[in-house]
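Close look at the chain arrangement
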Amino acid sequence: MFLRQDDFATVVRSTPLISIDLIVENARGEFLLGKRLNRPAQGDWFVPGGRVQKDEPLHAAFERLTQAELGLRLPMSTGEFYGVWQHFYDDNFSEEAFSTHYVVLGFRLRVQEGDLQLLDVQHEAYRWMTPAALLASDDVHDNTRAYFMPERQAGVPGL
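Throughout, a residue's number is its position along its own chain's written sequence, starting from 1. pLDDT decides what is reported in this predicted model: residues at 70 or higher carry local features, side-chain atom pairs at 80 or more are listed and counted, and totals for whole chains, interfaces and linings draw on all residues regardless. The basis for the side-chain values is all heavy atoms of the structure; hydrogens and waters are excluded.

What counts here: UniProt positions are given in the numbering used here, feature names are shortened, and annotations may be inferred rather than shown by experiment.
The chain goes by GDP-mannose mannosyl hydrolase in an unreviewed UniProt entry, where it is assigned to Citrobacter enshiensis. UniProt annotates the chain under Function (unreviewed entry) with the comment "Hydrolyzes GDP-mannose." Of the chain, the UniProt comment under Subunit (unreviewed entry) reads exactly: "Homodimer."

**As for unusual backbone geometry**
Just so we agree on the cut-off: Going along the chain from the N terminus, every DSSP run of H or I of four or more residues is numbered as a helix, and every run of E of two or more is numbered as a strand. Only protein chains enter the accessibility calculation, which uses a 1.4 Å probe; a residue whose area is less than 20% of its type maximum is buried, one above 50% is exposed, and one in between is partly exposed.
A positive phi angle, close to 65 degrees, is found at D55, a residue other than glycine. Residue position: D55 is located in the loop between β4 (49-51) and α2 (58-70). Accessibility expressed as a relative area gives 67% for D55, which makes it exposed.

**Digging into the confidence of the model for the chain**
Threshold: A residue's pLDDT is simply how confident the predictor is in it, with values from 0 to 100.
The share of residues in the chain with pLDDT of 70 or more is 88%, and the mean pLDDT across the chain is 86. Mean pLDDT across the elements of the chain bottoms out in helix α5 (residues 150-153) (64) and peaks in α2 (96).

**Notes on the pairing of strand β1 (residues 17-25)**
Cut-off, in case you're wondering: We treat two strands as partners when DSSP finds at least two bridges between them.
Along β1, 8 of the 9 residues are buried, which leaves the element largely enclosed by surrounding structure. The pairing of β1 with strand β6 (residues 100-110) spans 9 bridges and is classified as parallel. The residue bridging I18 from the neighbouring strand is V103, located in β6. Both β1 and β4 contribute to a ladder of 3 bridges, which runs antiparallel. Following the sheet pairing, I20 is matched in β4 by G50.

**A short note on the UniProt feature "binding site: substrate" (unreviewed entry) in the chain**
Per the UniProt entry, the sites bearing "binding site: substrate" (unreviewed entry) are F2, L3, F8 and R36 in this numbering. Locating F8 in the fold gives a position in helix α1 (residues 5-14).

**Notes on the pattern of salt bridges**
For clarity, the cut-off: Salt bridge criterion: a side-chain nitrogen from Lys or Arg within 4 Å of a carboxyl oxygen from Asp or Glu.
Per the counting criterion, the structure on display carries 9 salt bridges. With its nearest N and O atoms 2.7 Å apart, the salt bridge here joins R64 to E56. You can call E56 buried: its relative accessible area is 15%. Taken together, the salt bridges that share partners define one network made up of E25, R108 and R110.

**Details of the nonpolar core**
Here is the rule: Buried Ala, Val, Leu, Ile, Met, Phe, Trp, Tyr and Cys residues form a nonpolar core when they are joined through side-chain atoms within 4.5 Å.
Ranked by size, the top nonpolar core spans 19 residues in total, and within it I23, L33, L134, V140, Y147 and F148 carry the most contacts. Counting residues per element, the ones that place at least two in this core are β1, β2 (31-36), β3 (45-46), β5 (80-89) and β6. Counting residues per element, this core draws most heavily on β5, which supplies 3 residues.

**Description of the packing of aromatic side chains**
For the record, the criterion: Pairing of aromatic rings covers Phe, Tyr and the six-membered ring of Trp, with a centre-to-centre limit of 6.5 Å; geometry is then stacked below 30 degrees between planes, edge-to-face above 60, and tilted otherwise. Whether a charge lies above a ring is judged from NZ of Lys or CZ of Arg, which has to be within 6 Å of the ring centre and within 35 degrees of the ring normal.
A full pass over the atoms with the stated rule returns 6 aromatic pairs. Aromatic pair F62 and F107: ring centres 5.3 Å apart, planes at 70 degrees, arrangement edge-to-face. Residue F62 is located in helix α2, and its partner F107 is located in strand β6; the two are separated by 45 residues in the primary sequence. Across the pair, exposure class does not vary: F62 and F107 are buried alike. In textbook terms, an aromatic cluster arises when at least three aromatic residues are bridged by ring pairs, as seen for F62, F81 and F107. Directly above the aromatic system of W45 lies the positively charged group of R127, at a separation of 4.0 Å from the ring centroid.

**So, the side chain of S19**
For clarity, the cut-off: Note on contacts: a residue pair qualifies if any of its non-hydrogen atoms lie within 4.5 Å across the two residues.
With respect to the helices and strands, S19 occurs in strand β1. Sequence-distant contacts of S19, that is, excluding residues within four places in its chain, are made with G50, R51, V52, Y102, V103, V104 and L105.

What follows is the structure, encoded as structure tokens:
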């Protein structure tokens, strides 16, 4: 469902958004990050993903987002559920001053790097990073680094 910008601003101001993050691993154990073009998190390296639309079943959102973000329409069964996370941002998609709150469903999936058709709609560049490298990087967003923190590896949920 497409919302006019002012209607969407009302939603973002008033309620959390539901999204899916794709924690995409290649055969070398590296993870895909894109440098975000849009706010929030503009200019930071972030895992691919996007919002779930109203009346969209989660399996359909997963397929739509893998197609849009990776160029591969993948069924939800290809991903391993990685937990529920919360992302809080001081800014939003617009020029107005209000925060953004996401409730994020993380899914980890392995892909053949050569099968991807990465688009430049949401990201100005892409790179693959090992967990150690992305944890040490200042330009990887904290919400992405959280997926690789030692606490997460010990089974602590993302809440």
